[in-house]
Amino acid sequence: MPKLLLCPPDHYGIEYEINPWMSRARDAQPELARSQWQALRDTLESLGAQIELIAPQPRLPDMVFTANAGLVVGNRFIRSNFRHVERRGEEPYFEAWFATRGFAVEHLPADLFFEGEGDALFCGDTLYCGYHFRSDIRSHQALAEMAGRLVVSVELTEDRFYHLDTCFCPLPDGAAIWYPGAFDDYARRAIRLHVSDLIEVAPEEAAHFACNAVVLGKEIVLPNGCPKLCATLADRGYRPQPLEMTEFLKAGGACKCLVLLVPQRETRAVIGNQ
């Protein structure tokens, strides 16, 4: 049974602007956001996930996006170093949550930005790490050593897709959903080299964060508004579970941004990076 960390949206709102989706003139509706978050939680639980909660904190509206808290590999929590000062206040709360539950908390050097599972996703045994807008490519060597996995660095070039989990979604059969327009040429070549089965998302569905999905075996929980991807997934034997995520899209997030896998993978020996 997968264990997922969520944070209730008690303090969620658009209080600052740190990505192209955010506008303080277009704030989220609190009750609707709460309803959409609860629907996500209920759906994940109905599909067999074990939900853990971290307490939301005042003046940290983006704490609801737990995927950015860090990367969990086995019993080790590699804590994020947020690029934007607006989110750095989240760091001690996530660190304390994992430490009190017996996880070994590890830190990158303070001058290396890294935004957790938002920019670090396993596809098979390989850890794909995004960089440019939020995470620092210089963090990837340290992540390879901490996580004990091969790291493939991929550059993001479209600012609407500022985290890897907004444009890349690994599947359990070794395939991946992706939006090629979010990556530079080298990253596209690297992904095509390492992932032989790629499901390309149309631009209009990528804009609905089609790739920002929570994968639980054959069940795929993703934002509503992606009928082409849902049809493709159904043809492959997956069961799409579309949900309304309008209020979280206002902040540049959706289903996967609201979820941190605990752990995402088990530990194994270091095999390098590239």
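Colleague: Just give me the short version of helix α7 (residues 227–235), but keep the residues and values in it.
Modeller: Within α7, the full set of buried residues consists of L229, C230 and L233. Down the axis of α7, the smallest arc covering the buried residues is 100°, so these residues share one side. Relative to its buried face, α7 has exposed residues pointing more than 90 degrees away, namely P227, K228 and D235. Looking at the buried residues of α7, the elements they touch are β10 (176–178), β11 (198–200), α6 (203–206), β13 (219–223) and β14 (239–243). Following α7 by one or two positions, G237 adopts a phi angle in the positive range, close to 95°.

Colleague: Outline the confidence of the model for the protein, supporting the account with residue identities and numerical values.
Modeller: When pLDDT is averaged across the protein, the result is 96; 97% of the residues are at 70 or more. Low pLDDT (under 50) marks residues 269–274, which in the prediction has 20 contacts with non-local residues, meaning those over four places away or in another chain.

Colleague: Give a detailed account of the sheet that holds β14, specifying residues and quantitative values.
Modeller: With mixed pairing, the three strands of this open sheet are ordered in space as β12-β13-β14. Of all strands in the sheet, those bounded by a partner on one side alone are β12 (214–216) and β14. Adjacent strand axes in the sheet meet at a mean angle of 20° when their direction is disregarded. Relative to β14, β13 is paired through five bridges, and the arrangement is parallel. Pairing of L222 across the sheet is with P242, part of β14. Its contacts with the sheet put helix α1 (residues 30–46) on β12, β13 and β14, and the angle it makes with β14 is roughly 160°.

Colleague: I'd like a description of α1, backed by residues and values.
Modeller: Helix length check: α1 (17 residues) gives 24 Å between terminal C-alpha atoms against 24 Å at 1.5 Å per residue, within 8%. For α1, the secondary structure elements touched by its buried residues are β1 (3–6), β2 (50–53), β12, β13, β14 and α8 (246–249). One or two steps after α1, the chain reaches G48, where phi turns positive at roughly 100°.

Colleague: For the packing of aromatic side chains, give the residues involved together with the corresponding values.
Modeller: Considering all chains together, one arrives at 11 aromatic pairs under this definition. Centroid distance Y12 to F65: 5.9 Å. Interplanar angle 90°. Geometry classified as edge-to-face. With Y12 in the loop between β1 and α1 and F65 in the loop between β2 and β3 (70–73), this residue pair connects regions lying 53 residues apart in the sequence. For Y12, a relative accessible area of 9% corresponds to the buried category. For F65, a relative accessible area of 3% gives the class buried. Ring centres 5.1 Å apart and planes at 85° place the aromatic pair F98 and F103 in the edge-to-face group. Across the pair, F103 and F98 agree in class, each one buried. In this structure an aromatic cluster arises from ring pairing among W21, F161, Y179 and F209. K218 extends its terminal NZ or CZ atom over the ring of Y238, reaching a point 4.4 Å from the ring centre.

Colleague: Describe the sheet that holds β10, with residues and values.
Modeller: Spatial ordering of the open sheet is given by β9-β10-β11, a layout of three strands whose pairing is mixed. With partners counted over all chains shown, the strands left at the sheet margins are β9 (168–170) and β11, one partner each. Ignoring which end each strand starts from, the neighbouring axes of this sheet average 20° apart. Along the sheet face, helix α5 (residues 185–194) touches β9, β10 and β11 and points at about 160° away from the line of β10.

Colleague: Break down the nonpolar core for me, with residues and values.
Modeller: The biggest cluster of nonpolar side chains holds 68 residues, and the ones touching the most others in it are L44, F168 and F183. Take this core: its biggest share by element is four residues, from α1. Once residues within four sequence positions are removed from consideration, L44 is found in contact with L4, L6, A49, I51, V214, L216, V221 and V259. Judged by nonpolar contacts, the second largest core, of 15 residues, contains L71, L127, A142 and L143.

Colleague: How would you summarise the environment of C129 if you had to cite specific residues and measurements?
Modeller: Its place among the elements puts C129 in strand β7 (residues 126–131). Apart from residues no more than four positions distant in its own chain, C129 is found in contact with D119, A120, H140, L143, V151, V152, S153, V154 and L164.

Colleague: Report on the pattern of salt bridges, specifying residues and quantitative values.
Modeller: Tallied over the full model, the rule gives 19 salt bridges. Two residues, D185 and R188, come together in a salt bridge whose shortest N-O distance is 2.2 Å. On the criterion of helical spacing, the pair formed by D185 and R188 is a turn pair, its members being three residues apart in helix α5. Connected via shared salt-bridge partners are R79, E91 and E95.

Colleague: Account for the pairing of β13, naming residues and giving values.
Modeller: Counted residue by residue, β13 has five buried out of five residues, so it is predominantly covered. The pairing of β12 with β13 spans three bridges and is classified as antiparallel. Note on β13: the bridge partner recorded for V214 is V221. Here β12 folds back onto β13 in antiparallel fashion, the turn holding two residues, of which G217 has a positive phi close to 65°.

Rules used throughout
- Residues numbered from 1 in each chain as written.
- Predicted model: local features only at pLDDT ≥ 70, side-chain atom pairs only at ≥ 80, totals over all residues.
- Heavy atoms only, no water.
- Buried < 20%, exposed > 50% of the residue type's maximum accessible area, 1.4 Å probe, protein only.
- Helix = DSSP H or I, 4+ residues; strand = E, 2+ residues; numbered from the N terminus.
- Arc of directions from axis to C-beta.
- Contact = heavy atoms within 4.5 Å.
- pLDDT = per-residue confidence, 0-100.
- Pairing = 2+ DSSP bridges.
- Axes fitted to C-alpha atoms, helices over the stretch in contact; angles between N-to-C directions.
- Expected span 1.5 Å × (residues − 1).
- Phe/Tyr/Trp six-rings, centres within 6.5 Å; stacked < 30°, edge-to-face > 60°.
- Lys NZ or Arg CZ within 6 Å of the ring centre and 35° of its normal.
- Core = buried A, V, L, I, M, F, W, Y, C linked by side-chain atoms within 4.5 Å.
- Salt bridge = Lys/Arg side-chain N within 4 Å of Asp/Glu carboxyl O.

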